[in-house]
Amino acid sequence: MLTKKQLIDGFGQIGIKNGDTVIVHTSYKSLGGVEGGADAVIDAFIELAGKDGTVMFPAFNFQSWTETHYFDVKETPSKMGAITEIARLRPNALRTPHPIYSFSVTGARAEEFSKADDVEAYGPNSAFALFHKINGTIVSIGLDFNSTFSMHHYIEYNVGCDYRRVKEFAGIYLGYDRVPKIKMHSMFVRNNERVKTYIVPGMNELLEAGVIREVQVGAAKVHHSTANEFYDNMSVIVREHPEKLHYIEEPKY
């Protein structure tokens, strides 16, 4: 069982320091057991980022807005695993506004991120854009490369690619003002069901080049990169080798 000190020492290899902003993608079970559970993992990152730092966990929920057409910034659960839901429920956490791609945010920039409102999930006023602007650190704990580093979609949107398109979704939106509104938000989605996201070849290339780095914490491989490094290098793959990020499934007749 990992103690919180071991977590801090392990994640400390990433080089997170006071004042940093960190997005943490997580597989809790990959760590192999933690004293104090998910809260100890959350607290380890908060301590590493310090009093001037900010820690973000994905609180994505793809069904709420696209299928049931309802989103409550305070109540709609995260579908990204146990740690993310516990982080969302912390009393000092604020949520970014986009109803599909939201983050729960704790720390110095929480209020700033809670106002990062854009119709498009990856637009210029989105949480992703703010994270990029301040050159945050992306951390992925024990996840397959095809299930993490969600910022790669932000890069596809901003660089441009022909295998995705903007799709609009409308629904009832309940924000922190608790006044329900009919709103429209969009997301850069796959062109059709035959387009399959598979970013492992591109991610392995960035790992080999040292853009993405790897440390071991407990039983988990932990990958990390800065927003600027990841954007600059993944952009080249999006433009020049998009086949390393997706494939087209053959039609079934």
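As the structure is a prediction and not an experimental result, all values here were calculated from the model.

About the criteria used
- Residues numbered from 1 in each chain as written.
- Predicted model: local features only at pLDDT ≥ 70, side-chain atom pairs only at ≥ 80, totals over all residues.
- Heavy atoms only, no water.
- Axes fitted to C-alpha atoms, helices over the stretch in contact; angles between N-to-C directions.
- Helix = DSSP H or I, 4+ residues; strand = E, 2+ residues; numbered from the N terminus.
- Parallel < 35°, antiparallel > 145°, perpendicular 65-115°, else oblique.
- Left-handed = near helix turned anticlockwise from the far one by under 90°.
- Contact = heavy atoms within 4.5 Å.
- Nonpolar A, V, L, I, M, F, W, Y, C, P; charged D, E, K, R; others polar.
- Pairing = 2+ DSSP bridges.
- Salt bridge = Lys/Arg side-chain N within 4 Å of Asp/Glu carboxyl O.
- Buried < 20%, exposed > 50% of the residue type's maximum accessible area, 1.4 Å probe, protein only.

**Student:** It is not clear to me how the packing of helix α7 (residues 151-159) against helix α9 (residues 227-240) should be interpreted in this structure. Could you clarify?
**Tutor:** Angle between the axes and distance between the axes: these two values describe a pair of packed helices. Where α7 contacts α9, the axes come no closer than 9 Å and their chain directions differ by 55°. It follows that α7 is oblique to α9 by the angle criterion. As for the relative orientation of α7 and α9, their crossing is right-handed in sense. Touching Met151, His152, Tyr154, Ile155, Glu156, Asn158 and Val159 of α7 are Ala227, Phe230, Tyr231, Met234, Ser235, Val238 and Arg239, all from α9. Its residues assigned to classes, the contact of α7 with α9 shows nine nonpolar, three polar and two charged.

**Student:** Please clarify how the sheet that holds strand β6 (residues 137-141) should be interpreted in this entry.
**Tutor:** Adjacent strands of a sheet form backbone hydrogen bonds with each other and so pair up, either parallel or antiparallel. The strand order across the open sheet formed by seven strands is β4-β5-β2-β1-β6-β11-β10, and the pairing between neighbours is mixed. Since the sheet does not close on itself, it has two edges, and those belong to β4 (94-95) and β10 (213-217), each with one partner. Alignment of strand β1 (residues 21-26) against β6, held across five bridges, turns out to be parallel. Paired with threonine 26 across the two strands is isoleucine 141, which belongs to β6. Lying over the sheet, helix α1 (residues 4-11) contacts β6, β10 and β11 (220-226), oriented at roughly 165° with respect to β10. In the packing of α9 onto the sheet, contacts are made with β6, β10 and β11, and the angle to β11 comes to roughly 80°.

**Student:** Would you explain the sheet that holds strand β7 (residues 164-174) in this entry?
**Tutor:** Read from one edge to the other, the open sheet built from three strands follows the order β3-β7-β8, with strand pairing classed as mixed. With partners counted over all chains shown, the strands left at the sheet margins are β3 (70-72) and β8 (180-190), one partner each. Strand-to-strand twist in this sheet, taken as the mean axis angle between neighbours without regard to direction, amounts to 45°. As defined by bridge partners, β3 adjoins β7 across three bridges and the pair is classed as parallel. Paired with tyrosine 70 across the bridge in β7 is isoleucine 172.

**Student:** Would you explain the pattern of salt bridges in this entry?
**Tutor:** Pairs can form between side chains of opposite charge once their charged atoms are near each other. In total, this model carries 16 salt bridges according to the counting rule given. For lysine 5, the salt bridge is made with aspartate 9, and the minimal N-O distance between the two is 2.8 Å. With a gap of four residues between them, lysine 5 and aspartate 9 both fall in helix α1, about one helical turn apart. Given the relative accessible area of 58%, lysine 5 is considered exposed. Of the residues examined, aspartate 9 reaches a relative accessible area of 45% and is grouped as partly exposed. Residues aspartate 39 and arginine 90 are paired through a salt bridge, measuring 2.9 Å at the closest nitrogen-oxygen approach. With aspartate 39 in helix α2 (residues 37-49) and arginine 90 in the loop between α4 (82-88) and β4, the pair connects residues that are 51 residues apart, well separated along the chain. Each of Asp39, Asp43 and Arg90 takes part in one network of salt bridges that share partners.

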